[in-house]
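In case you want the letters, here they are:
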Amino acid sequence: MRWQTVREFLWGEIPSSKLERRLLFKLDWFILSYCCLMYFTNYLDRANVNNAYVSGMKEELNMQGNDFNKINTIFTCGYIVGMIPNNLMLQVVPPRLWFPLMQIVWGVLTFCSSSVHNVQQLYAIRFFQGISEASTFVGTHYILGSWYKPGELGKRSGIFTSSGLAGTLFSGVLQAAVYQHLEGVSGRSGWRWLFIIDGVITLPIAFYGFLVFPDVPSSTTKVFYLSEEERALSRDRLDSDVVHHSLSWDLAKRVLTRWRWYGCSLLFAVSGETESFGSNNLMGQWLSAIGGYTVEQVDYYPSGVTAFGIASTLVCATWTDYTRARWPVLVYMCFCCTVAAICILVWSSPIGLKFFAYYFAGAAYSGQATTFAWANQICADDYQERAIVLASMNMWNNAVNAWWPLLFYSATDAPRFKKGMIAMICVCAATLGVTWLVWYLERRDRHLATRKAMNDVAQMREESASPTEDKKTKSH
């Protein structure tokens, strides 16, 4: 019994039947593995520009002022533009084809980044790369929510998110190694080799996706690893509480007249900005600005932010799947980011404390997986609404992220980022407020559903008792 409790804590709900255990193993081995590898390359090909910037690209392309921030903003704009078309294409083209195809597109664009001669060319490439990479995040969370139960979902969402963070971490380590061993080889700078190697890593994983990805349970193809019995079980084990609707204007009414779309979108639009420490490579810019560190050190040291983010994500995902309480993870995240921002704001603090602060801020990444698992859980009874809510959460976060770094984390503000640290404290406070609101509304809905179920049972009992009473009356 104790081992079973430990196993459930570490890996989520244990299926009751041998057939379902075998199915879950296959889902993890094939579907989750591809989603994670795809997201790994997604972040690898996204984060490489941060490492390239502090490894010679800035000087070689003669980048000035906010050029670095503009690269990230243009990528985000492309990401926003691509979100709706990508989600619409998933309704037309099977995900087993669309995901790997988009991965090939951004892999080719990564190759192209190695040959740019000015920052304007990089702007154009990053815009189209943002469009293609927009296919991955929301689509994958929708896929995971279609295959896994609520008690299985938090852990898998955490592993999925951690795979993206692993891409960010690996990018820093890879850039340092490339700079050390390939700088100047064949007349190319080390940062150019980084883009080439990232492209080489990306393409084989796309072909793996063509081979193993099976779409969703309701329309799964006859992949080689699922039997007919397992395909039927994959549909039945999630369908019991789902209300199926045909695609119509009623969807807009359901989405806009419930709180879910508003609450979940606001939650990630605000809480997502706690990731600014890592997404803008503030630690790398800080180390580069204060001087005294080699290029390899500037690439290596910020990897600790991502490493702590991965550890926090996995621990929090494990805990939240076991307890089914999502909100404490967001409280933990806000606490860590607030402490980190205060430590950096006090500029007279020791260098060692600033290192601790940046690493501690990696906890911000733990909120992403939990927030999307929470939204999947909240909208589990309506798969169409769930798709809209997940897409909107990411869309609004990126809409904010398009201008947020320019305003609060400008490259010209390095190394102190005073405005950014004040903004971080305010974001954490706002996140706590929205987290409470979503928790309260979810609990209210749960209580209303329980009360309705009890009333329905009572009414059924009354109706079943009525014929008996009528017979007694007639006999008299």
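Note: the structure precedes this text.
Computed from a predicted model, the values in this text were never measured in an experiment. (Residues numbered from 1 in each chain as written. Predicted model: local features only at pLDDT ≥ 70, side-chain atom pairs only at ≥ 80, totals over all residues. Heavy atoms only, no water.)

Enquirer: Can you walk me through the layout of surface pockets in this structure?
Expert: Gaps between atoms show up when a probe of the same size as a water molecule is rolled over them. Estimates place the volume of the second largest pocket at around 200 Å³. Forming the boundary of the second largest pocket are Tyr53, Val54, Ser55, Gly56, Lys58, Glu59, Gln285, Ser288, Ala289, Val295, Ala411 and Ala414. Looking at the lining of the second largest pocket, the elements that each hand over two or more residues are α2 (18-60) and α13 (282-290). Considering every element that reaches the lining of the second largest pocket, the biggest residue donor is α2, with 6 residues. Its residues assigned to classes, the lining of the second largest pocket shows 6 nonpolar, 4 polar and 2 charged. (1 Å grid on protein atoms, 1.4 Å probe; cavity = no way out; pocket = protein on both sides within 12 Å on 5 of 7 lines; lining within 4 Å. Points joined across faces, edges and corners; volume = space filled by probe spheres on them. Helix = DSSP H or I, 4+ residues; strand = E, 2+ residues; numbered from the N terminus. Nonpolar A, V, L, I, M, F, W, Y, C, P; charged D, E, K, R; others polar.)

Enquirer: In this structure, what is going on with the packing of aromatic side chains? I would like to understand it.
Expert: A ring pair, where both rings are aromatic, is described by two values, the distance of the centres and the angle of the planes. With the rule as written, the count across this model stands at 30 aromatic pairs. Every member of this aromatic cluster is reached through a ring pair, and the members are Phe277, Trp286, Tyr293, Tyr301, Phe355, Tyr358 and Tyr359. Stacked on the ring of Tyr43, the Lys or Arg Arg46 has its end atom at 4.5 Å from the ring centre. The side chain of Lys354 reaches across the aromatic face of Trp347, ending 4.6 Å from its centre. (Phe/Tyr/Trp six-rings, centres within 6.5 Å; stacked < 30°, edge-to-face > 60°. Lys NZ or Arg CZ within 6 Å of the ring centre and 35° of its normal.)

Enquirer: Would you mind going over the nonpolar core with me for this structure?
Expert: Counting residues in each nonpolar core, the largest one holds 108 residues, and the members touching the most others are Met57, Phe277 and Tyr358. Sort the elements by how many residues they give to this core and α2 lands first, with 18 residues. Those residues in contact with Phe277, other than ones at most four positions away along the chain, are Leu282, Cys337, Ala340, Ala341, Ile344, Tyr358, Ala361, Met421 and Met424. Ranked by size, the runner-up nonpolar core spans 5 residues in total, among them Leu174, Val178, Trp193 and Leu194. (Core = buried A, V, L, I, M, F, W, Y, C linked by side-chain atoms within 4.5 Å. Buried < 20%, exposed > 50% of the residue type's maximum accessible area, 1.4 Å probe, protein only. Contact = heavy atoms within 4.5 Å.)

Enquirer: How should a nonpolar patch on the surface be read in this particular structure?
Expert: On the surface, a nonpolar cluster with roughly 350 Å² of combined accessible area is contributed by Leu97, Leu101, Phe207 and Phe210. Of all the secondary structure elements, the ones that give two or more residues to the nonpolar patch are α4 (95-113) and α8 (190-212). A relative accessible area of 33% places Leu97 in the partly exposed class. (Patch = residues over 30% accessible without salt bridge, like charges linked within 9 Å, V, L, I, M, F, W, Y side chains within 5 Å. Areas by Shrake-Rupley, 256 points an atom, 1.4 Å probe, with all protein chains shown as cover. Salt bridge = Lys/Arg side-chain N within 4 Å of Asp/Glu carboxyl O.)

Enquirer: I tried to follow unusual backbone geometry on my own but got confused; where do I start?
Expert: As a rule of thumb, non-glycine residues mostly have phi less than zero, and peptide bonds are mostly trans rather than cis. The step from Ala414 to Pro415 runs through a cis peptide bond, and the omega angle for that step is 10°. Despite not being glycine, Asn62 has its phi angle at roughly 55°, a positive value. Topologically, Asn62 is positioned in the loop between α2 and α3 (67-92). In this model, Phe417 sits at a positive phi of 50°, which is unusual for a non-glycine residue. Within the secondary structure, Phe417 is located in the loop between α20 (404-408) and α21 (418-475).

Enquirer: What is the right way to read the state of the cysteines from this model?
Expert: What is meant by a disulfide is a covalent connection between two cysteines, made through their sulfur atoms. Scanning the model with the defined rule gives 0 disulfides in all. The thiol of Cys316 is unpaired, and the distance to the nearest cysteine sulfur, on Cys336, comes to 8.4 Å. By relative accessible area, which is 11% here, Cys316 ends up buried. You can see Cys426 has no disulfide; the closest cysteine sulfur is in Cys428, sitting 9.3 Å from it. (Disulfide = S-S within 2.5 Å.)

Enquirer: Hey, could you run me through the packing of α2 against α8 in this one?
Expert: How two helices sit against one another is set out by the angle between their axes and by the gap between those axes. Following both chains from N to C, one finds α2 and α8 inclined at 170°, their axes separated by 9 Å at the closest point. Relative to α8, the element α2 is oriented roughly antiparallel. Between α2 and α8 the crossing geometry is left-handed. Class assignment for the residues of the contact of α2 with α8 results in 17 nonpolar, 8 polar and 4 charged. (Axes fitted to C-alpha atoms, helices over the stretch in contact; angles between N-to-C directions. Parallel < 35°, antiparallel > 145°, perpendicular 65-115°, else oblique. Left-handed = near helix turned anticlockwise from the far one by under 90°.)

Enquirer: Explanation requested: the side chain of Asn397 in the structure shown.
Expert: Its location among the elements puts Asn397 in helix α19 (residues 383-401). In this structure Asn397 comes out as buried when scored by relative accessible area, which is 9%. Here Asn397 is in contact with Phe268, Ala269, Gly272 and Glu273, once residues within four sequence places are set aside.

Enquirer: Looking at this model, I keep getting lost on empty space enclosed by the protein. Mind explaining?
Expert: Tallying each qualifying case throughout the model produces 2 cavities of 30 Å³ or more. The space that makes up the largest cavity amounts to roughly 700 Å³. What lines the largest cavity is a set of 40 residues, and nearest its centre among them are Tyr43, Arg46, Gly278, Ser279 and Asn280. Among the secondary structure elements, those contributing two or more residues to the lining of the largest cavity are α2, α3, α7 (150-182), α12 (276-279), α15 (303-323) and α19. If one sorts the elements of the lining of the largest cavity by residue count, α2 sits on top with 6 residues. The space that makes up the second largest cavity amounts to roughly 40 Å³.

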